Structure formats: structure tokens, C-alpha cells
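# What the coordinates show
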Amino acid sequence: MTRSRRLYFLLGLAVLLLCAAAAAPRARALWAQLPSGEWIEAADCVARREAPAPGRDALHVRAGMRPARGCTGTVVAELRRPRADGSWEVEASFRGGVRLDARLPGTPAEGCRLRVVFRAWRGSELMEPLSRELDFPYRRSGSLVVCMSESDRPRLNALYENGVKNGVKELEIVDAKRLHELEPNVSKHAVAALWAPTGGIVCPFNLTIALAENAFDNGVEFQFNTEVTGFTWEDGFWTIHTNHGDFESRYVINAAGVYADVLHNMVSTRKLHITPRRGDYCLLDKNTGDFVSHTIFQLPGRLGKGVLVSPTVHGNTIVGPTAIDIDDREGTNTTAEGLNDLIEKAGATVEHLPIRQTITSFAGLRAHEDHHEFVIGEAEGAQQFIDCAGIESPGLTSSPAIGLHVSELMRDLMGLREKAHFIATRRGVLDPKTLSKEDYQQLIREKPAYGQIICRCEQVTEGEILDAIHRPLGAKSLDGVKRRTRAGMGRCQAGFCSPRVMEILARELHVEQSEITKCGGQSRLITGTNKDSIGEVQAK
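Please read these numbers as outputs of a predicted model, since none were measured by experiment.

Reading the values: the criteria
Starting afresh in each chain, residues are numbered from 1 along the sequence in its written order. In view of the model being predicted, local features appear only for residues whose pLDDT reaches at least 70, and side-chain atom pairs are presented and counted only at 80 or more, with totals across whole chains, interfaces and linings using the full set of residues. As a convention, hydrogens and water are excluded, and side-chain values are obtained from all of the structure's heavy atoms. Strands are runs of DSSP state E lasting at least 2 residues, helices are runs of H or I lasting at least 4, and numbering of each runs from the N terminus. Relative accessibility under 20% of the residue-type maximum defines a buried residue, over 50% an exposed one, and the middle range a partly exposed one, all with a 1.4 Å probe and only protein chains included. Should DSSP find at least two bridges between two strands, the strands are taken to pair. Between N-to-C directions, angles cover 0 to 180 degrees, with each direction set by a line fitted to C-alpha atoms, over the stretch in contact for helices. Residue contacts are defined here by distance: any two heavy atoms, one from each residue, within 4.5 Å place the two residues in contact. To estimate how far a helix should extend, the number of its residues minus one is multiplied by 1.5 Å.

### Here's the deal with unusual backbone geometry
Residue P321 is bonded to the preceding G320 through a cis peptide linkage, with omega at 0°. Within the element layout of this structure, P321 appears in the loop between β18 (317–320) and β19 (324–325). Between S393 and the following residue, P394, the backbone shows a cis peptide bond with an omega angle of 10°. Tracing the backbone shows P394 in the loop between β22 (385–389) and α9 (395–414). Positive phi outside glycine occurs at E170, with the angle close to 65°. The residue H372 is not glycine, and still its phi comes out positive at about 55°. Its location among the elements puts H372 in the loop between β20 (358–369) and β21 (375–378). On the basis of relative accessible area, H372 is assigned to the partly exposed category, the value being 23%.

Below you can see the structure in the form of C-alpha cells.
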């Protein structure tokens, strides 16, 4: 990807991508603060750029993430704008991998809804070069939309026609024989499928962390755990009231996920309503990694593409999501009813699903807007307040196009220009398993920590954990380490490695182990001791 193209990916406008089942905010609208110069958007972060004039320019309001599924991602676009340093979000929620639509289908290709326009963009094909530049896992595995009866063939044909109109390459309808050659475990009752070889899978944890670290390298500053409580408009500026004081900005960009309507309704004359739509998932052990090689979709219905079965970039199998509308914007708990429904629906598409190999289950929330539409643009009755709301599936796939669209909007509104000396590449946490035997041995001689295995399930070394802690925007919690290194993502789900990871975090961050949390906030794992300390024993 050329440097000029890369610049499109970074505008301080991080779009909350709640595809399939994005995560719910942890503490209501977390937002990104802009330091003292020109402000710019970010996801869960602060975004900073060279100010065109003393003062404030654009503040991005973003929701925090609770570990859950999905792909809340961020693609921002530091585009050819003005003095732009761009910015991104920091946490994505997912345990494994998530699928990228091949810009496929479900709705007309022309003139219809905003989500169709963005889906028709080249989001999926732009992700691959981005993965090379920012060093995160991505694979074009292809996808199959399975038709289970002859009566549904017209719907399958309509999907094909829409995909062709939307510019999807290599799209093909395959018969039952070819389908079962591609995927032997698909139900024997399947009669055909829509095959999109250009579909891909990506790890949203690595994707968004890569974006955040690259933003940091380009001058972005981050602030977390800041709750927006209100807005005041005066003399061409917004005052954003928060639990950490007030901030001023010419522009506000609202990408607060399931809380985007709350913030929107504080300022706009035209009200917005978002329903948290919960999606339950099961993640299967790596020994099921070859159960399917494509992402297997069901024919889309009113609530989406149904329950999918897909490989992940790390070698697991993922099953989900359900689609259950709830009231609780923090409701990322799974239920027995939801998981049973998930298993039943998945079993209708594939046979012999090894569901007993599930190593964890979880749920996420996607921000469903009442009209099933992306809401992107200036809020009615609230000038200089830009919404990026209702970004549910296919939010991850659409993210480059959404970032480009909003960045162009902000470029025109703010008179931005391209940033000079933009850093376009980033290297991820070194995985020594990718090295040759000789190179790995040399690495251990130079850095012995890479010879100490901490997570046995995923073979994660102490060296990798140290890298995750000390790199830009380093890990400060168990989940922070997990998302950067996969320590704790294996079969035992951190049952064995948690104490050692906590020891390393406490040592490197110079805090007591009792201060270490699972995922920030009040999620401490140690609440007290049950024995006297050595000092107390000696004193006796």
C-alpha cells in the first residue's frame, strides 16, 4: 500500500466497529482527549495533531471496551489532512478472530442504504496491505453463504447479483457437490452456496492495538477512563463535560458504540435510538482448527447472517453469534438459553460440530440502530457534532471506507492537509515461534527471557510478555497481556499462567500484585491474604 493510501487510514476519527457482536462500553462513553493543540478523534484515545491555530479543533468521543466478542475495531484515517497525526482506538474485543465480509450482500447494490455504500467499498481488499504495514494477522480464507433448500435459491441468486453489482471479485454460486468438496462438514441437506474467495479473517485485538501503537508513534496522546457527562455549545466551540474536568473543541466526533445515542441525544434535535443486540459465541480448541476452512454463513435474515462457523487466524474455530435485543448496555453475560440456541442453529448448517471442544464462551453487544442503518454525519441541530453511530455488521469490513468518508468530511470542514514525515509501519510483539531454530537460540542467548515459557497452552514466553508491557501503550492488566501475546487464551484459559503473568506485571510496573487487574477498573483479582506475612511471623 502506498504512503498516500496509508494516510487515508489515520484521521483522528476512529470508528467504533461493532461487527457481529462488538463489545459494550465499560464505563459509558469513554472518550479521547486532545492535548492542547488542534484536537482530533481517536477511539478510546486521544488524538492530537499540529494545530492550525492555537486552540482546539476536534474531539473524538468513544466508548470503552469490555472483553467480549467481536470486532470493535477502529480504522481511522489520518488522511491527507492538515497537520494530522491521526488516531485510533485501543481495545478491541474478541477472543480469537473475526471475519471480514467480501463486500457481499444482503441488500441492493445501488442507491439504497448508507451501510451498503460502505460495504461496497474496498474495505476487505484494503485490509491485507494494512496488515503487512502494521504487522497483524490476516488471512483470506474465503466465505460460503449456504442455501439449505431449493425454495431459497432465488434469495441466494439475489445475493450473487448484488455482490456482482457491488464489485465483489471471483464470486460464484457452487452446487452441492462442489460445496462439499470445499467444506466436507457442511450439512448434507445443503443444496448450494455463494462462494466468495475474497473473504478474510483477522484478529481484531491485534488490528486495533496495531493501529493504536502506530498512532502513538505519529504523535497521538491517549487518555482512558474518562466519562462524558454533557456538552455545552458556545461561540463556535463545544465544551465537553467529563468526570476529569471540562474540555473545549471546535468539533466533536461521536463513536460511542451502544452509548452513541445517549451522547447524540444530549445535543441533537432529532433523537436517535440504539438497541444493544447481544451475540453469544463459543470458541473451540485449536484441535478443531481444520473443522472448516472457510467462514460458513447462513442465508441472511431479518437479524443478520445468522450463526456462522469460522476458522480464526490463530487456529481455533469460532461459532456465533446469536442476535438477542436487550436493554442493558453492559449486558455481555452469556446465558444457557442463548448458548443452546447458538448450538442448535450452528448444527443446522454444519454436521458433527465439535462443540464439546469449547474452551470458552462469551458475548458482545452490537449497536443496532432502529432503522438498521449506519448514522454518519453532522447531527441535526448540533453543528460541528459528527456522529458515527449504529456501526454494526459489517462494521469491521466497512471501517476503511467509513474512516475515509469521515476523514474527507473533516478535511473539508477543518481545512486539513497531509502530515509530513508520517510513520506508516509498525512491528508487533515478536513471536519467537516464527523464527528458525538457529535464530531462536541466538535470541535466547541475547535475551534469556525468551527461553522462559510462561503460558504453556500458547507457548508464550516471558520475553513476549515483557515486550507487551514495555512497548507503546503497553499492557497493564491480564487482559492487556492476553490481547497482545495470547497468554491466557489457550485451553486452560489462564488457569495456570495467571499467577506468573501477575508477578511479571507487578514487577515491571512497580506495583503490588493486589493492584493488578483482569481488565482495568475495579477488576482486581487479589482481595486479601489468608496467611501472615513472613515479616509478621518473624516478629512473633
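### A word on the sheet that holds strand β13 (residues 245–249)
Spatially, the three strands line up as an open sheet ordered β11-β12-β13, and their pairing is antiparallel. Edge positions in the open sheet fall to β11 (228–234) and β13, since each of these has one partner strand only. Across the sheet, the mean angle separating the axes of adjacent strands is 20° when strand polarity is ignored. Pairing of strand β12 (residues 237–242) with β13 involves five bridges; the strand directions are antiparallel. Across the sheet, W238 pairs through a bridge with S249, a residue of β13. Packed on one face of the sheet, helix α7 (residues 260–267) meets β11 and β12 and runs near 30° to β11.

### Points about the pairing of strand β9 (residues 192–196)
On a regular strand, one side chain projects to one face of the sheet and the next to the other, so that they alternate. Here β9 lies mainly inside the structure; five of its five residues are buried. Here β9 shows two buried faces, one formed by A192, L194 and A196 and the other by A193 and W195. Two strands pair when backbone bridges link them, and strand β8 (residues 172–175) and β9 are joined in this way by four bridges, in the antiparallel orientation. Looking at the pairing, E172 lines up with W195 of β9.

### As for helix α13 (residues 498–509)
Over its twelve residues, α13 extends 16 Å from the first C-alpha to the last, a length consistent with the 16 Å expected when each residue adds 1.5 Å. On the buried face of α13, the contacting elements are β23 (453–455), α11 (462–470) and α12 (478–485).

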